[in-house]
Number of protein chains: 4
Amino acid sequence: MPGEQSGWLRGLTGDQEIAARFSDQAQFESFARFESALIAGLANAGLIDVGAASDLEYRILKFKPDEKRIAAAAVIDGVPVPEYVRQLRRTLSGPGSELVHHGATSQDLTDTATVEALRKVVDIASARLDLLIADLDALEERDGRRPLKAITRMQEALHIQASARIRIWSDSLKALSERAPSLRLETGKLQFGGAVGDLQALGENAETVAVTIADKLGLDWPGNGWHTTRRPFLACAGWLTELSAALGKIGQDVAMMALRGSVDIAFSGGGSSSAMPNKQNPVAAERLVALARFNASLMGAMHQAQIHEMERSGAAMTLEWMVLPQICETTGCGLLACRELIGSVTRMGRET
Amino acid sequence: MPGEQSGWLRGLTGDQEIAARFSDQAQFESFARFESALIAGLANAGLIDVGAASDLEYRILKFKPDEKRIAAAAVIDGVPVPEYVRQLRRTLSGPGSELVHHGATSQDLTDTATVEALRKVVDIASARLDLLIADLDALEERDGRRPLKAITRMQEALHIQASARIRIWSDSLKALSERAPSLRLETGKLQFGGAVGDLQALGENAETVAVTIADKLGLDWPGNGWHTTRRPFLACAGWLTELSAALGKIGQDVAMMALRGSVDIAFSGGGSSSAMPNKQNPVAAERLVALARFNASLMGAMHQAQIHEMERSGAAMTLEWMVLPQICETTGCGLLACRELIGSVTRMGRET
Amino acid sequence: MPGEQSGWLRGLTGDQEIAARFSDQAQFESFARFESALIAGLANAGLIDVGAASDLEYRILKFKPDEKRIAAAAVIDGVPVPEYVRQLRRTLSGPGSELVHHGATSQDLTDTATVEALRKVVDIASARLDLLIADLDALEERDGRRPLKAITRMQEALHIQASARIRIWSDSLKALSERAPSLRLETGKLQFGGAVGDLQALGENAETVAVTIADKLGLDWPGNGWHTTRRPFLACAGWLTELSAALGKIGQDVAMMALRGSVDIAFSGGGSSSAMPNKQNPVAAERLVALARFNASLMGAMHQAQIHEMERSGAAMTLEWMVLPQICETTGCGLLACRELIGSVTRMGRET
Amino acid sequence: MPGEQSGWLRGLTGDQEIAARFSDQAQFESFARFESALIAGLANAGLIDVGAASDLEYRILKFKPDEKRIAAAAVIDGVPVPEYVRQLRRTLSGPGSELVHHGATSQDLTDTATVEALRKVVDIASARLDLLIADLDALEERDGRRPLKAITRMQEALHIQASARIRIWSDSLKALSERAPSLRLETGKLQFGGAVGDLQALGENAETVAVTIADKLGLDWPGNGWHTTRRPFLACAGWLTELSAALGKIGQDVAMMALRGSVDIAFSGGGSSSAMPNKQNPVAAERLVALARFNASLMGAMHQAQIHEMERSGAAMTLEWMVLPQICETTGCGLLACRELIGSVTRMGRET
C-alpha cells in the first residue's frame, strides 16, 4: 500500500485499530514470536539444548529491531526478513544461536505475521458486526412496523413494513457473522515451508518443529507449507469484501431513502454543505457505497494475485501486501460508518 | 454477455457443454419446472383442486414457448419472464389456470433457473476436476522422482523433485474438489420471494407453497427469498474463479518450464507457428493464464453486483447475467485445456 | 469471449452489427486483405513478378477458407492463422505462391484484423453517438426550460432547469464525439513485425513491403511493429469504456428521476412486471448502468493485458481477444439502449 | 486511501515525493489559493472593493488551518471544506470578508486541489520518465549489439540483438513522454461550478470570476464546471496506469531474463534471501509487475467512479479520492524502481 495519506481522508476511509495490526511493530512482534517458537521446535526435535533454547526464546521475544534499517533493506531485498534476521542474529550468542531462523524462509515469517493480523481483524470485525446487528435489531424493534413503499427496479412497488427492509440488512450480516468462526479457522494456518516449500533443511524433524511452532502461536499446522496456494488469505479477503458489500447495500438503500425524503427516513446530524448550510447529506451512506466499490475492485486484484508462479512469486506476494491491509481497513471503517449511520436514523418508514 | 462471438475463439475460451446450461431452452425448461411446481404448491395449500393441478403441471412441462418473441419482449421488459408467462397463460385454461405464476415474480424464475444451471456447472466442473486430479496423480507417479530446480522469485533455488511441484498443483485442486459438495448445497437454494420479496400475496400459505416448490425441484428452501442478498451466486462464482486461478497457476508454471526448456519439461504436440514451423508453443498453458486473469476481473464485477439496491435492482441482476455464465464457461474451458496440457507432457523434470 | 449465449440476454446486452465485425468471416476477410497486400508489397520490393502478384492477390481475395477446420486447428495453435495459411497455400500455385505469408507472422494478421474491426466499431459508435446527441438536443429544446430540483449527494439542492442536467449528458457525449477522429487515427495502425517483431526476414525490403500493405489497407504504418505495445487497442477500449460510462451516468440519472417519480420525469412504454402489471420499469436505464459497470471491470482486464512479456505473449493476446469485442458490443448496445430511453421520455422536469 | 501503512512496505510501493502532493498541508494550501483567487475574481466583478480584496487575498494565503479539527469535521461532512471555510471565516473580518467562498462549493476546492496535485505528479513523472529513457538509451548504447534469443509465446524464437528488446521498452516510454504535455493541458482545468454546478449564485459575474480564478491558478477555464464529468482525472489516471504497465512489461521481461539466467542478463546487487544467501533476486523487476497489476485493478475502480449520479455523487468522489493518489504513488514508485533495476544491469544479452 502506498505511502502517506491525506489525514482528513484517513478519517473517512481508514481504520486506525486495524491499521495497527499491519504496522511494522506488529509485524516484527509476529516475527519474534515465530523465531522464538522455531527455536522451541528445534529444541523439541533435539537440535538445541532445552535450557539454551528457552533462554534464546526469551531474548528473541525481547529483541527490538531497528525499524528504519529494516525498511531501507526491504527495498533491496523485497521483504523485511533478511535484515530483521541479520539484526536478530547479531544480538544473540551462545549455544543454539547459530540455529536462529534454521529451516525457515522469509515468506514463512511474513505470511504467518499476516495470518496473525488477519485473525485479529476478523475478531475486530466480528465484534463490530455483532454490535451493528444489535443496532439493526433495535431499529427494527423501534420502527419495524412503520409502512414503507417497496422499491423494485427503481419504481414504487407494493407496501411493506420497515422491518422487511431492515431484516434483509441484518440477515445478510448475521449470515456473515455465522461464518466468522469457520473463517477464523480457515485463516489461522501456520505458514512454514522453508526455502523452497518442502522443509527439506529439517528433514525428518520438520513435523516436530512445525507442530511446535503452530502450538506456540495458537495456529493450525496444515501439514505442509502453502507458499503458493493462498486460500487462507483469499478466504479472508472474500469474507471482508462480502461484508463491505453488505454494508454498501445498506448505504445505497439509505442514500436512496434519503433521496426519496422524509416519507422514507429521517436523520439527526448528517453532513453539512459549504454552499447549502440547510442540507443534511447522508455522508456515511455514500461512504459505505464507495468503500464497497473500492473493495470489489481490490478483490479482483486479490484474485489476480492467485496466479503465483513456481515455488515463490515476489510479484504475487507484493500485490497481496498492497491489497489485503486495505481490504481490512476499508471493511473495518465501513462497520464503524454503518453504526454511525444507523445511529443517526431518527425514523425509518412513514410517520403514522 | 454480448452476442455472436468469433467461432475460432469459442474453441479457445468457451465451453459448449456449460454454455448449453444457460441457453434459452435450458432456462425456459427451468421456468416450466418452477411454474409447474408452483401449481403443485398452490394445490398443497388448497388453492387449486389437486386433479386440476396435476393436469396443469403436465401441460406446463409440455409447453414450448416462442423463444423469438420472448427475446424481443425481454428487451422491453428487461427480463424474459413476463412474455414467457403471457404465452404460457394463453395455452392454459380451465380450473386453476388463472393461478399460474400466482405469488411469484420474474426474479424467482430467473434466479432459480440460474441456480439450476450453476448446480449442473458445479457437477460438470467437479467431474472434470477429479479426472484432472487423476491425470496429475499419474504424472506424479510417472515423473515425480525426477529432479527439478525449484524457482523462487524467478531465480533457481534448491533442488526439488518434480513431485513437489506437481503436488502443489494437485493439492490445491483436491482442496477445491473437497469444497464442491458444500458449495453445491450453498448454491442449491430455491429463490421465491414474490413481487417485493416477502411472499405477501400468499399470506399464510407461503411456507407450504415454497416447501413444495423446493421439494419438486430438489432445492433447499432457505425460509425466505434472497432477491437482494446473492450469496448463492457469489459463492459459486468465487469457487469457480479460485479454480480457474489454480489452473492458471499450473499454466503459468508449465509456461515457465517451457521457457526454461527441456531441462524442465518436454511435450508432444503443442501449437504451431505460422512463421517458425519448428516451434512448439505451450498454447494451452498460456490459455490457462488468460482464462484465470479474465475470471479474476469478472469476479471483481460480481462483487460490484452485490450492491443490490432496495428490493430489486435490475442493474445488479443484469450485471450478474453478463458475468456468471462467462465465469462458468471459462472455468470449464480451463479444466479441459489443463487436461490437454498435462496429457501433452511427455517428461517433467530432468532426464536421468 | 466464451461461447453460446442466452438468446434473450443477447438482445439486452449484445449488438449484432458490432458482433459481425468480429465474426470468423470478417476476420478471415481481413486476413485475405492482409495476405494479398503483402504479395503486392513483395512485388513492389521486386521479390515477385508484378503480373504474377496481381494474379495471386486476386486469388487470395477470392479464397474461401474452411472455417470449421480453422476453428479446430486454432485450439491447438492458439491462433487461427497457421491453418488459414496452410489452406490458402494449398489453393495457390505458380510463381510467387511460395512467398505467401513471407515475412509475416500470425499476430500481424490477427492484430491487423482487430484494427480493421475496431475502426469500423468507432465509425458505428460515432454515427450512433451523433444521433443520440441530436436526440438530447431535441429533448433540451422541448423540455429544457422545465424546472428540476438539483440533487447533490442524494439530497435536494437548489432549483435548476432540465437543460442543466441534459447539457451535462450531451456535453460529455460531444466531447467523446470530438475525440473520435483522432482515436480513429490512433487505432488505424498496420501491425507488421514478422516472427519476432523486427521484420528481419525482409531485410532492407521491410519498409517497402510495410508501406505497401498500409496503403492497400488504408492504414497508417507507424514505422515498426507493435506486437507488445498495445496502445492502439487500449486507446480504443478506453474511449469505448468512457463512452459507456457516460451512458451509464445518463441511465443512473434517469433511474433516479424515475425513483423520484413524475415530479421529475414521465415515460411512455417501459418494462412490464410479471407480478405488478401496473409498473413501468426504467429498464433501459438500468441496462445502461449494468453495461457501464461491466465495461469498467473489463477495462481493468485490458490494463492487465498490457503486461505483455518478451516478444509475444499468447496469454496477453488471448485476454485481449476475450475482452475487446465485449467492450465494443456492450458500448454499441448502450448507445442503442440510450436512444430508446431518451425516446421514451415524454416529459423531463416539472409540469408547469 | 486507508490509514497507517507498514513502514517497510511504504519503501517498496510508496513514493514520498508524490504522497506529499496529496497531504493535508498541500491540499489546504490549494484551498487557500482557490479562495484568494475567488476574492480577486469577485473584486474584478465589482463585488468587492479592490483594496479590501487584496488585503483579504493576503490574509487567506497566510491562513494556517487547524488540520486536526478539519479531519474530525470531514468525517461528519464527508469533505474537509466546510470546516476549512468555517475556520477561515473566523480569521477574517472587514469589507468583503462576508463574501469568502461566495458562489463556490466544496467540490470546487477539492477537485481544483486534486488538479493542482495531478499536474505536479505529471511533472514529477515526466522528469523521471526522461531520466529512465536516458538510462535505457545508455543501456542500448552499451549492450545493444549483444545477441539475444527472442522469446515468443514462452519459447525461444529467432536471434535478435539486445537493442530490439530495449527499444521496445524505450519506445513505449517515449510515446508516453510525448503525451505528457497534452495530458498536462487536459488535466489542468479549473473546477468551478458552485452549489449545483451552474454558478447560478454569481449570475452574470460567473465568467469574470471564473476566468480570474483560472488565471491566478494558471489553470484553464473550460467554460463550465465539470463536477460530474471527470475526464481530467480519468485521462491522468489512464496515462499513469499505462505508464505503470509499460514499467511492468520491463519488469516482467527482466524477471524472465533473470529466470533464463546469465545467458540473457547479469546484475549487480539484487535482493538477498534469508534462506539462500547466494541468491540475487530481481526484486525491483517483481515490484514493477506488482505495481502494474495493482494499478490495472485501481483503474477499473476509476472507471466505476465515472458513473457519477445527478449533480454530485459523494460516493463517486470518495472512490476517486481513495484511488487516484494511489495510482500516482505506485506509478512514481515504479519509475524509481525501474531506474534502480536498469542501473543494476551489468550486462544484457549474451557474452561475446
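Not measured: the values here are computed from a predicted model.

(A) Highlighting the overall build of chain A. Across its full length, chain A carries 12 helices and four strands. With the principal axes as the frame, chain A shows a C-alpha extent of 80 × 40 × 35 Å. Evaluated residue by residue, chain A yields a buried proportion of 70% over its 352 residues. Expressed as a percentage of contacts within chain A between residues at least 6 apart in sequence, the contacts between residues at least 24 apart total 79%. The positive charge centre, built from 37 side chains, and the negative charge centre, built from 43, are 7 Å apart in chain A.

(B) Local environment of the environment of C:Leu61. Residues and elements named next belong to chain C. Within the fold, Leu61 resides in helix H4 (residues 50–62). Leu61 gets classed as partly exposed once you look at its relative accessible area, which sits at 45%. As for Leu61 and Ser30, which are separated by 31 residues in sequence, their C-alpha atoms are 9.4 Å apart.

(C) Inspection of the pattern of salt bridges at higher detail. Summed over the entire model, instances satisfying the criterion amount to 108 salt bridges over all chains. The residue B:Arg260 makes a salt bridge to B:Glu156 at a minimum N-O spacing of 3.0 Å. Linking B:Arg260 in helix H10 (residues 231–260) with B:Glu156 in strand S2 (residues 155–161), this pair joins segments that are 104 residues apart in sequence. Of the residues examined, B:Glu156 reaches a relative accessible area of 41% and is grouped as partly exposed. In the salt-bridge network here, residues are joined through shared partners; they are A:Arg69, A:Asp77, A:Glu83, A:Arg86 and A:Arg90.

(D) Representation of the relation of the copies chain B and chain D within the structure. Placing chain B over chain D gives an RMSD of 0.0 Å and needs a rotation angle of 180°, together with 0.0 Å of translation along the axis. Put plainly, the chains are arranged around a two-fold axis. Closest approach to the rotation axis within chain B is made by the C-alpha atom of B:Arg260, at a distance of 3.1 Å. In this assembly the copies share their binding face: 100% of the residues contributing to the interface of chain B also contribute to that of chain D.

(E) A look at the nonpolar core. Judged by nonpolar contacts, the single largest core of 482 residues is most densely connected at A:Leu173, A:Phe192, B:Leu173, B:Phe192, C:Leu173, C:Phe192 and D:Phe192. It is H10(B) that provides the largest number of residues to this core, a total of 17 residues. C:Leu173 has contacts with C:Leu129, C:Leu132, C:Ile133, C:Leu136, C:Leu243, C:Ala246, C:Leu247 and C:Ile250, leaving out every residue within four places of it along the chain.

(F) Fine view of the interface of chain D and chain A. Each partner contributes residues to the interface: chain D has 67 residues there, and chain A has 67 residues. Note on chain D versus chain A: buried area summed over both sides is about 5,600 Å², and carbon and sulfur give 64% of it. Put simply, chain D and chain A have zero salt bridges between them. Summed over the shared surface of chain D and chain A, the number is nine residue pairs in polar contact (both at pLDDT 80 or more). In terms of residue count, helix H11 (residues 283–304) of chain D provides more of the side of chain D that touches chain A than any other element does, 12 residues in total. Considering only residue class, the side of chain D that touches chain A consists of 32 nonpolar, 25 polar and 10 charged.

(G) Region of the structure containing the pairing of strand S2 (residues 155–161) of chain D. All names here are of chain D. In the sheet, strand S1 (residues 147–152) pairs with S2 via five bridges, with the strands oriented antiparallel. The residue of S2 that forms the bridge with Thr152 is Gln155. Joining the antiparallel neighbours S1 and S2 is a turn of two residues, in which Arg153 adopts a positive phi near 50°.

(H) Spatial organisation of the interface of chain B and chain D. Each partner contributes residues to the interface: chain B has 22 residues there, and chain D has 22 residues. Interface area, chain B with chain D, both sides summed: about 2,100 Å², of which 59% is carbon and sulfur. Among the residues chain B hides against chain D, the three largest losses belong to B:Arg153, B:Met154 and B:Leu259. Together they make up 34% of the total. Counting across the chain B and chain D interface gives two salt bridges. For D:Glu286, the salt bridge is made with B:Arg153, and the minimal N-O distance between the two is 2.7 Å. Here chain B is connected to chain D by three residue pairs in polar contact (both at pLDDT 80 or more). Among the secondary structure elements, those contributing two or more residues to the side of chain B that touches chain D are strand S1 (147–152), S2, H10 and helix H11 (283–304) of chain B. Of all the elements, H10(B) adds the most residues to the side of chain B that touches chain D, at five residues.

(I) Main features of the state of the cysteines. Under the counting rule described, the total for this entry stands at zero disulfides over all chains. No disulfide involves A:Cys328; its sulfur sits 5.8 Å from that of A:Cys236, the nearest cysteine.

(J) Inspection of the relation of the copies chain D and chain A at higher detail. Expressed as a screw transformation, the operator carrying chain D onto chain A has a rotation angle of 180° and an axial translation of 0.0 Å, and the superposed copies differ by an RMSD of 0.0 Å. With an isologous cut-off of 70% or more, the 100% of interface residues of chain D that recur at the interface of chain A puts this contact in the isologous class.

(K) Structural view of helix H7 (residues 106–143) of chain D. Look at H7(D): 54 Å from first C-alpha to last across 38 residues, which is about the 56 Å you get at 1.5 Å a residue. With respect to burial, H7(D) is a largely interior element, 27 of its 38 residues being buried.

(L) Examining the packing of helix H10 (residues 231–260) of chain D against helix H12 (residues 314–344) of chain D more closely. Residue and element names in this part refer to chain D. In the contact formed by H10 and H12, the axes pass within 9 Å of each other and the chain directions differ by 35°. Handedness of the H10/H12 crossing: left-handed. Contact residues: Phe233, Ala237, Leu240, Thr241, Leu243, Ser244, Leu247, Ile250, Gly251 and Val254 in H10; Glu320, Leu324, Ile327, Cys328, Thr331, Gly334, Leu335, Cys338, Leu341 and Ile342 in H12. Grouping the constituent residues of the contact of H10 with H12 by class yields 14 nonpolar, five polar and one charged.

(M) Fine view of the side chain of D:Gln191. Residues and elements named next belong to chain D. Relative to the helices and strands, Gln191 resides in the loop between helix H8 (162–187) and helix H9 (206–217). Of note is the side chain of Gln191, whose polar atom sits 2.9 Å from the backbone nitrogen of Trp226. Gln191 has contacts with Phe34, Gln107, Asp108, Asp111, Thr112, Gly225, Trp226, His227 and Arg230, leaving out every residue within four places of it along the chain.

(N) Just the packing of aromatic side chains, in detail. Tallied over the entire structure, the rule returns 32 aromatic pairs over all chains. Relative to B:Phe192, the ring of B:Phe34 has its centre 5.9 Å away and its plane inclined at 65°; by these criteria the two rings are edge-to-face. Separated by 158 residues along the polypeptide, B:Phe34 in helix H3 (residues 24–44) and B:Phe192 in the loop between helix H8 (162–187) and helix H9 (206–217) bring together distant segments of the chain. Both residues of the pair, B:Phe34 and B:Phe192, count as buried. One aromatic cluster is present, built from ring pairs that chain together A:Phe28, A:Phe31, A:Phe63 and A:Tyr84.

(O) Structural view of the environment of D:Arg293. By secondary structure assignment, the location of D:Arg293 is in helix H11. C-alpha of D:Arg293 to C-alpha of D:Leu118: the two residues are 175 residues apart in sequence and 21 Å apart in space. Leaving out residues up to four positions away in the same chain, D:Arg293 has contacts with A:Leu319, B:Arg293, C:Gln304, C:Ile307 and D:Gln252. A polar atom in the side chain of D:Arg293 sits 2.7 Å from the side chain of C:Gln304.

(P) Summary view of the confidence of the model for chain A. Residues with a pLDDT of 70 or more make up 96% of chain A, whose mean pLDDT is 95. Among the prediction metrics, the complex's ipTM stands at 0.96, with pTM recorded as 0.97.

(Q) Spatial organisation of the packing of helix H7 (residues 106–143) of chain B against helix H12 (residues 314–343) of chain B. Residue and element names in this part refer to chain B. Closest axis-to-axis distance for the H7/H12 pair is 10 Å, and the angle between their directions is 15°. When the axis of H7 is compared with that of H12, the two are roughly parallel. Along this stretch, H7 crosses H12, giving a crossing that reads as left-handed. Classifying every residue of the contact of H7 with H12 gives 17 nonpolar, four polar and three charged.

(R) Representation of the environment of C:Ala26. All names here are of chain C. By secondary structure assignment, the location of Ala26 is in helix H3 (residues 24–44). On the basis of relative accessible area, Ala26 is assigned to the buried category, the value being 11%. Residues Ala26 and Thr110, 84 residues apart in the sequence, show an inter-C-alpha distance of 11 Å. Ignoring sequence-local partners within four residues, the contact set of Ala26 consists of Ala20, Arg21 and Arg33.

(S) Here's a closer look at H9(B). Residue and element names in this part refer to chain B. A rise of 1.5 Å per residue sets the reference length of H9, with its 12 residues, at 16 Å; its end C-alpha atoms lie 17 Å apart and thus fit the reference within 8%. Taken as a whole, H9 has its buried residues at Ala206, Val209, Ala210, Thr212, Ile213, Ala214 and Leu217. Against H3 and H7 lie the buried residues of H9. Remark: Gly218 follows H9 within two positions and exhibits a positive phi of approximately 65°.

Thresholds, definitions, all that
- Residues numbered from 1 in each chain as written.
- Chains lettered and ligands numbered in written order.
- Predicted model: local features only at pLDDT ≥ 70, side-chain atom pairs only at ≥ 80, totals over all residues.
- Heavy atoms only, no water.
- Helix = DSSP H or I, 4+ residues; strand = E, 2+ residues; numbered from the N terminus.
- Buried < 20%, exposed > 50% of the residue type's maximum accessible area, 1.4 Å probe, protein only.
- Contact = heavy atoms within 4.5 Å.
- Lys, Arg positive; Asp, Glu negative; His and termini not counted.
- Charge placed at Lys NZ, Arg CZ, Asp CG, Glu CD.
- Salt bridge = Lys/Arg side-chain N within 4 Å of Asp/Glu carboxyl O.
- Least-squares fit on C-alpha atoms with pLDDT ≥ 70 in both.
- Core = buried A, V, L, I, M, F, W, Y, C linked by side-chain atoms within 4.5 Å.
- Buried area = accessible area lost by both parts, 1.4 Å probe.
- Polar contact = N/O pair within 3.5 Å; in protein donor to acceptor, adjacent residues only side chain to side chain.
- Nonpolar A, V, L, I, M, F, W, Y, C, P; charged D, E, K, R; others polar.
- Pairing = 2+ DSSP bridges.
- Disulfide = S-S within 2.5 Å.
- Expected span 1.5 Å × (residues − 1).
- Axes fitted to C-alpha atoms, helices over the stretch in contact; angles between N-to-C directions.
- Left-handed = near helix turned anticlockwise from the far one by under 90°.
- Phe/Tyr/Trp six-rings, centres within 6.5 Å; stacked < 30°, edge-to-face > 60°.
- pLDDT = per-residue confidence, 0-100.
- Parallel < 35°, antiparallel > 145°, perpendicular 65-115°, else oblique.

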